[in-house]
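# A closer look at the structure
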Amino acid sequence: WIDYLAKRRGVVVTAEERMTLRGLDPWSLELVDSELSKLELVGEDPSLRTEVLLSGIDSQARDEFIDGLFIRNRAKSLKHVHHFHQDIDVQLPILGLISWNLRQLKLILIEKETRTRSTERRNPYLASKLDRWARAWNMEDLQDFEQGLFDIDFALKNTRAIGEGLWMNLIIDSTQAGAHR
């Protein structure tokens, strides 16, 4: 499939690039085609091709981790936490992205509780994702999750703690539906 999609785009894929694409997790034709389109854009420069290909894999792992947290899927979250838990320069932006998604999710839950609708237009992809996530949460659990994010933020910025234990605690606590601390 990789060769077929590459040929369709007119991209020549090296054996190493093919192995990298085969190792994408989760593996999907859409994801492979997206990565091939990046290769098509950067052309033949080998260093750029490697950088572009690896950046997509990192962002995919990040997105899968965040989705796992918000659908409260412990296995999915634990599967991807190792990609970033050791580097504070990676953890802080992910923490910011999770916090942004949390704020958006809180708005959705508030709208559902008050039976109101925001006048703000949401991207359909984001709206769909938030609606799917909202099914797994209530406000009390979301507030506990928010406190867990605050604890990680405080620890990373003030103690420069290694994040693995912090993230593991957040994953375990947040994936226990209805279990309040």
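Please refer to the structure placed before this passage.
Tallying secondary structure elements over the protein gives nine helices and zero strands in all. Across the protein, helices and strands are ordered from the amino to the carboxyl terminus as α-α-α-α-α-α-α-α-α. When the 181 residues of the protein are sorted by exposure, 38% land in the buried category. Contacts in the protein between residues far apart in sequence, at least 24 positions, make up 69% of those at least 6 positions apart.

Further remarks concern the packing of aromatic side chains. Going through the model one piece at a time under the given rule, you end up with six aromatic pairs. With 5.2 Å between their ring centres and 50° between their planes, Trp-137 and Phe-145 make a pair best called tilted. A single burial state applies to Trp-137 and to Phe-145, both of which are buried. The ring of Trp-137 is capped by Arg-72, whose NZ or CZ atom sits 4.0 Å from the centre of that ring.

The biggest cluster of nonpolar side chains holds 28 residues, and the ones touching the most others in it are Phe-65, Phe-70, Ile-98, Leu-105, Leu-142, Phe-145 and Trp-167. Elements that contribute at least two residues to this core include exactly helix 4 (46-70), helix 6 (88-114), helix 7 (124-134), helix 8 (139-158) and helix 9 (164-174). For this core, the element with the highest residue contribution is helix 6, accounting for eight residues. The residues contacting Phe-70, other than those within four sequence positions of it, are Ile-98, Asn-101, Leu-102, Leu-105, Trp-133, Ala-136, Trp-137 and Phe-145. In terms of nonpolar packing, the next biggest core, distinct from the first, is built from ten residues, Ala-6, Val-11, Leu-21 and Leu-53 among them.

Moving on, we come to unusual backbone geometry. The backbone of Arg-72 shows a phi angle near 60°, a positive value even though the residue is not glycine. Phi is positive for Arg-115, which is not a glycine, with a value near 55°. Here Arg-115 is to be found in the loop between helix 6 and helix 7. Taking relative accessible area as the criterion, Arg-115 reaches 77% and is therefore assigned exposed.

With that settled, consider the side chain of Thr-175. By the secondary structure assignment, Thr-175 is in the segment after helix 9. The buried category is assigned to Thr-175, whose relative accessible area is 12%. Polar side-chain contacts of Thr-175 include one of 2.9 Å to the side chain of Arg-74. There is a polar contact of 2.7 Å between the side chain of Thr-175 and the backbone oxygen of Ile-171. Thr-175 has contacts with Arg-72, Asn-73 and Arg-74, leaving out every residue within four places of it along the chain.

Glancing now at helix 7. One full turn of an α-helix is made of 3.6 residues, so residues set three or four places apart face in the same direction. Here helix 7 has its buried residues at Leu-126, Lys-129, Leu-130, Trp-133 and Ala-134. Relative to the axis of helix 7, the buried residues are bounded by an arc of 135° and lie together on one face. Exposed and oriented more than 90 degrees from the buried face of helix 7 are Pro-124 and Tyr-125.

What counts and what doesn't
Residues numbered from 1 in each chain as written. Predicted model: local features only at pLDDT ≥ 70, side-chain atom pairs only at ≥ 80, totals over all residues. Heavy atoms only, no water. Helix = DSSP H or I, 4+ residues; strand = E, 2+ residues; numbered from the N terminus. Buried < 20%, exposed > 50% of the residue type's maximum accessible area, 1.4 Å probe, protein only. Contact = heavy atoms within 4.5 Å. Phe/Tyr/Trp six-rings, centres within 6.5 Å; stacked < 30°, edge-to-face > 60°. Lys NZ or Arg CZ within 6 Å of the ring centre and 35° of its normal. Core = buried A, V, L, I, M, F, W, Y, C linked by side-chain atoms within 4.5 Å. Polar contact = N/O pair within 3.5 Å; in protein donor to acceptor, adjacent residues only side chain to side chain. Arc of directions from axis to C-beta.

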